[in-house]
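Observations on chain architecture
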Amino acid sequence: MKLDIQNLTMSFGENTVLDSVSVSLRNIHSLVLIGPSGGGKTTLLRILAGLEEPDSGLITINEHQLNCTEQELLNYRRRIGMVYQAYNLFPHLTALENIVLPLVQVQGMQKKAAEDQALSLLERFNLAEHAFKHPVALSGGQQQRIAICRAVAIKPEFLLLDEPTSALDPEYTSEVLDLIEELREEGMELILVTHEMGFAHKAADYILFISDGGISAQGTPQEIFEKKDNPRVERFLNKVLKYNN
Ligand SMILES: Nc1ncnc2c1ncn2[C@@H]1O[C@H](COP(=O)(O)OP(=O)(O)OP(=O)(O)O)[C@@H](O)[C@H]1O
Ligand SMILES: [Mg+2]
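I will try to describe carefully the structure that is included in this document. Treat the numbers as computed from the prediction; the structure is a model and nothing was measured.

The secondary structure content of the chain amounts to nine helices and 10 strands. Radius of gyration (C-alpha) of the chain: 18 Å, near the 18 Å computed for a compact globule of 245 residues. Overall, the C-alpha framework of the chain stretches about 50 × 50 × 35 Å when taken along its three principal axes. Here the chain holds 245 residues, and 36% of them are scored as buried.

Once that is clear, we can look at the site of ligand 1. Taken together, F12, N15, V17, G35, S37, G38, G39, G40, K41, T42 and T43 make up all the residues around ligand 1. Of all the secondary-structure elements, those providing two or more residues to the shell around ligand 1 are β2 (15-25) and α1 (41-48). With three residues, the top contributor of residues to the shell around ligand 1 is α1. Of the residues belonging to the shell around ligand 1, the class tally is two nonpolar, eight polar and one charged.

Next up on the list: the environment of R150. Turning to its location among the elements, R150 is positioned in helix α5 (residues 140-153). For R150, a count of 25 C-beta atoms within 10 Å puts it in the buried group. Along the backbone, R150 and A131 are 19 residues apart, and their C-alpha atoms lie at a distance of 12 Å.

Time to look at the nonpolar core. Membership of the largest hydrophobic core comes to 63 residues, with the highest contact counts inside it found for V32, L33, A118, L160, L161, I207 and F209. Per-element accounting of this core gives the leading share, six residues, to α5. Ignoring anything within four residues of it in the chain, the contact list for L161 reads V83, I180, L190, L192 and V193.

Bringing the environment of E196 into the picture now. Position of E196 among the secondary structure elements: in the loop between β8 (190-193) and α7 (197-203). E196 sits 33 residues away from E163 along the chain, and the two C-alpha atoms are 8.7 Å apart. Excluding anything up to four places from it in sequence, E196 contacts T165, T173 and L177.

Conventions we followed
Residues numbered from 1 in each chain as written. Chains lettered and ligands numbered in written order. Predicted model: local features only at pLDDT ≥ 70, side-chain atom pairs only at ≥ 80, totals over all residues. Helix = DSSP H or I, 4+ residues; strand = E, 2+ residues; numbered from the N terminus. Rg over C-alpha atoms; globule rule 2.2 N^0.38 Å. Buried ≥ 20, exposed ≤ 12 C-beta atoms within 10 Å, placed from the backbone. Near = placed C-beta within 6 Å. Nonpolar A, V, L, I, M, F, W, Y, C, P; charged D, E, K, R; others polar. Core = buried A, V, L, I, M, F, W, Y, C linked by C-beta atoms within 7 Å. Contact = placed C-beta atoms within 7 Å.

Okay, here's the thing in structure tokens:
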């Protein structure tokens, strides 16, 4: 993907979360956002998803200019996939119905075609046995994998994920990360916020470290994790990785 951000500023009241942020990236397939809590990762992701309007700044992502009319923004949102921390499945619908719903209501597909597409997606990711279960009968990891299937069912131009494993019991984390890794290997472009540093290291083409009002460090995983030349990043990594070995 191609991402250009120019002088992006976003405040909540007195709190300026992103202060004149600029970055220009080319040929990135998986962009990972890391950084301390409250640093602005979710805010940036929501702006990139067209869900939040910044105070000022210009953003172009692939060919989409994000400072546009409400109608264009609506069309843009239809073409991207979004996965949240908590799985957000509709509790009264089965796994299959959860995936079918946006295909029919947002993409305008016929119900039968949508069901076929949803089922083949569930099969591909070894979730077919859960198609007719309601979320309450599924583990957290299963629910989150269904939520990811729902996001990719619309064949989005890219996928945005905000800490997709942080609400899960640790035992379910790897099955969700495996699914994201599989999608990445298939060529799905993604922007991911995560606290899973091992996964960031493995799966990121490029990393943005978001803190103190903007991008305090950026680079390839090697540059971020191995160079150790940025004290702000160092402090963060030491804290996050403290009990990881
Ligand atoms: N809707 C909102 N209204 C007011 N303040 C907000 C809102 N959303 C975010 N903030 C504030 O903006 C700052 C950045 O929040 P954000 O959620 O983007 O951080 P984050 O990096 O995603 O943190 P975490 O790792 O805890 O998810 C925080 O100080 C937060 O309190
Ligand atoms: Mg967040």
